[in-house]
Amino acid sequence: MRRPGTAAGRRIAVMTSGRLAVTGLVLALFVGAGAVGPPARVAGVDLPGRLSNAEFWQIVEGWSEPSGYFRSDNLVSNEDTFQFVIPTLASTVRPGSVYMGVGPDQNFTYIAAVRPRIAFITDIRRGNLHVHLMYKALFEQASDRADFLSRLFARERPAGLDAEATPDRLFQAFAVQPPDPERFVRHSREIVRWLTDRRGFPLSDEDITGIVDVYGHFYASGPNLRYSNSGLRGRTRYPSFQDLQLVDDGHGVRRGYLSTEARFRFIKQAQERNLIVPLVGNFAGPRALRSVGAWVRERGGTVGTYYASNVEQYLFQDGLWPAFADNLSTLPLEKTSTLIRSCFNNCAAGPYRSWSMLDSMPALVADARAGRVRMYWDVLSRSR
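Cut-offs applied
- Residues numbered from 1 in each chain as written.
- Predicted model: local features only at pLDDT ≥ 70, side-chain atom pairs only at ≥ 80, totals over all residues.
- Heavy atoms only, no water.
- Buried < 20%, exposed > 50% of the residue type's maximum accessible area, 1.4 Å probe, protein only.
- Helix = DSSP H or I, 4+ residues; strand = E, 2+ residues; numbered from the N terminus.
- Arc of directions from axis to C-beta.
- Contact = heavy atoms within 4.5 Å.
- Expected span 1.5 Å × (residues − 1).
- Phe/Tyr/Trp six-rings, centres within 6.5 Å; stacked < 30°, edge-to-face > 60°.
- Lys NZ or Arg CZ within 6 Å of the ring centre and 35° of its normal.
- Pairing = 2+ DSSP bridges.
- Axes fitted to C-alpha atoms, helices over the stretch in contact; angles between N-to-C directions.
- pLDDT = per-residue confidence, 0-100.
- Salt bridge = Lys/Arg side-chain N within 4 Å of Asp/Glu carboxyl O.

*Asks:* Can you help me understand helix α6 (residues 167-175) in this one?
*Replies:* In an α-helix, one full turn covers 3.6 residues, which means residues spaced three or four apart are oriented alike. Within α6 the residues assigned to the buried category are Pro167, Leu170, Phe171, Ala173 and Phe174. Down the axis of α6, the sector holding all buried residues measures 155°, keeping them to one side. Within α6, the exposed residues directed more than 90 degrees away from the buried face are Gln172 and Ala175. Buried positions along α6 lie against α5 (145-153) and α9 (241-246).

*Asks:* For this particular structure, what's the right way to read the side chain of Arg341?
*Replies:* Inspection of the secondary structure puts Arg341 in strand β5 (residues 338-344). Ignoring any residue separated from it by four or fewer positions in sequence, one finds Arg341 in contact with Ser309, Glu312, Trp355, Ser356, Met357, Asp359, Leu364, Val379, Leu380, Arg382 and Ser383.

*Asks:* What's the story with helix α4 (residues 126-141) in this structure? I'm lost.
*Replies:* Between its terminal C-alpha atoms α4 stretches 23 Å, which fits the 22 Å expected from 16 residues at 1.5 Å a residue. Burial within α4 is extensive, with 15 of its 16 residues counted as buried.

*Asks:* Please clarify how the packing of aromatic side chains should be interpreted in this entry.
*Replies:* Two numbers describe a pair of aromatic rings. These are the distance of the centres and the angle of the planes. Inspection of the entire model under this criterion finds 30 aromatic pairs. Their ring planes at 20° and their centres at 5.1 Å tell us that Trp57 and Phe201 sit as a pair that is stacked. Placement of Trp57 in helix α1 (residues 53-63) and of Phe201 in the loop between α7 (181-198) and α8 (205-221) is noted, with a sequence separation of 144 residues between them. By the burial criterion, Trp57 is buried, and Phe201 matches it. Pairwise contacts between aromatic rings join Phe108, Tyr135, Phe139, Phe148, Phe153, Phe171, Phe218, Phe241, Tyr257 and Phe264 into one cluster. When the ring centre of Phe56 is taken as origin, the NZ or CZ atom of Lys136, which lies over that ring, is 4.9 Å away.

*Asks:* Got a minute to help me understand the sheet that holds strand β6 (residues 354-360) in this structure?
*Replies:* Backbone-to-backbone hydrogen bonds pair the strands of a sheet. The strands run either parallel or antiparallel. Pairing is mixed across the open sheet formed by six strands, whose spatial order is β3-β2-β1-β4-β5-β6. Of all the strands in the sheet, the pair left with one neighbour each is β3 (276-280) and β6. Taken pair by pair, the neighbouring strands of this sheet meet at an average axis angle of 20°, ignoring direction. Relative to strand β4 (residues 303-309), strand β1 (residues 98-101) is paired through three bridges, and the arrangement is parallel. Bridge pairing links Tyr99 to Thr305 in β4. Along the sheet face, α4 touches β2 (118-123) and β3 and points at about 160° away from the line of β3. Relative to β6, helix α14 (residues 361-369) is tilted by about 80°, and along the sheet it contacts β4, β5 and β6.

*Asks:* Hey, could you run me through the confidence of the model for the protein in this one?
*Replies:* Of the residues in the protein, 84% reach a pLDDT of 70 or more, and the chain-wide mean stands at 87. For the stretch residues 1-36, pLDDT sits under 50, and the model shows 97 contacts to residues farther than four places along the chain or on other chains. Below pLDDT 50 for its whole length, residues 229-234 participates in eleven contacts with residues either more than four positions away or in separate chains.

*Asks:* What is the right way to look at the pairing of β4 in this model?
*Replies:* Each regular strand displays side chains that alternate between the two surfaces of the sheet. Of all seven residues in β4, seven are buried; the element is thus mostly enclosed. Pairing of β4 with β5, which is carried by four bridges, proceeds in the parallel orientation. Bridge pairing in β5 places Tyr306 opposite Leu339.

*Asks:* Is there a simple way to think about the side chain of Thr305 in this case?
*Replies:* Relative to the elements of secondary structure, Thr305 occurs in strand β4. Contact partners of Thr305, with chain neighbours within four places excluded, come to Leu89, Val93, Val98, Tyr99, Met100, Val114, Thr338 and Ile340.

*Asks:* What am I meant to see in the pattern of salt bridges here?
*Replies:* Throughout the structure, instances matching the rule amount to 23 salt bridges. One salt bridge in this structure joins Lys136 and Glu140, with 2.8 Å as the shortest N-O distance. You can see Lys136 and its partner Glu140 sitting in helix α4, four residues apart, about one turn around the helix. Overall, the relative accessible area of 1% leaves Lys136 in the buried class. Arg199 is paired through a salt bridge with Glu140; the nearest N and O atoms lie 3.0 Å apart.

*Asks:* Quick question: what am I supposed to make of unusual backbone geometry here?
*Replies:* Leave glycine aside and you will find that most residues have negative phi; peptide bonds, for their part, are mostly trans. Phi angles above zero are rare outside glycine, and Arg115 is one such case at about 50°. Relative to the helices and strands, Arg115 resides in the loop between α3 (106-114) and β2. Of the residues examined, Arg115 reaches a relative accessible area of 33% and is grouped as partly exposed. With a phi close to 60°, Asn274 is a non-glycine residue in the positive phi region. Looking at the secondary structure, you find Asn274 in the loop between α10 (261-272) and β3. The exposure class of Asn274 is buried, given its relative accessible area of 1%.

*Asks:* What is the right way to read the pairing of β2 from this model?
*Replies:* The buried count for β2 comes to six of six residues, which makes it a mostly enclosed element. Here β1 runs beside β2; their pairing, made up of four bridges, is parallel. Its bridge partner lying in β2, Met100 is registered against Phe120.

Following this line, the structure appears as structure tokens:
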């Protein structure tokens, strides 16, 4: 991989007639960051409170597997009940343990709820790594939630948004802000420059192209970006980015990472300390999950939360779930270690497309070893 120099003459072409095409890249500019502390270190556990830039990238490259295929770019979640499990999850999982997950930014809401010491997000697509690198730069650059949304959607920050702004007020204000092509070009440069020059990550040309392409989708669709925007058509029931930030936990409490300034700042702090680490890997693969487990075990930590979405559905279809179970068995777990899984369509009720559920990870591993998990229904029926 070659680290692009600051004078590399790439170009970004923007078309604003409803579609956006990124045909090249430009590197330049730089920005700054802020702070708020993660949970206190657990006695007897040697999990770090910060990774250096070199350690972060060594983990990303050293533990990742070759990029695989999924039918969607999956830039935004399509799970509309993902917050429903948070009250139980937050009262079950021990703060300061390790979080593992998959997919885009719904992980940030779970991370803000369970407050892990460090988080690893493993996805089969390298495109998900690009999503998280984009988010990393934007979190670190942003001064608050309004500034974050202004950068994420390349729109002017509306007046009057302070730290007390409700999610409704935030998104109502941004709904009337038009996309700004000049901001898109400027912010694209700043994202790439932040990652390559400020953080020193040796991004390949393909990685840079991928990051800017992802950012282009957020620019073009803004708060209305949906799962279907990323390759699937006609899925009008999918929630938008805005919808997912305005839902609650089923008890009237909004727990999204943009619901309060405190939740936003917890994620911002974790990003600044390099404690949200994206990896490329198959859940059933030979390296990514096992590397996380070995690293955590060596430091006396445990995996407290594993957000698996509905990946198990595809693993069963491909005959790979037993390999995933083997990988789970290598993770250092404790009695309260909890897996979050999602089920679509037949599991959902009323207006919902999906249903989020919890499972005991130690019990799941034990049942897998005993041969009691043979099909997808077996994992769904054991969930609560």
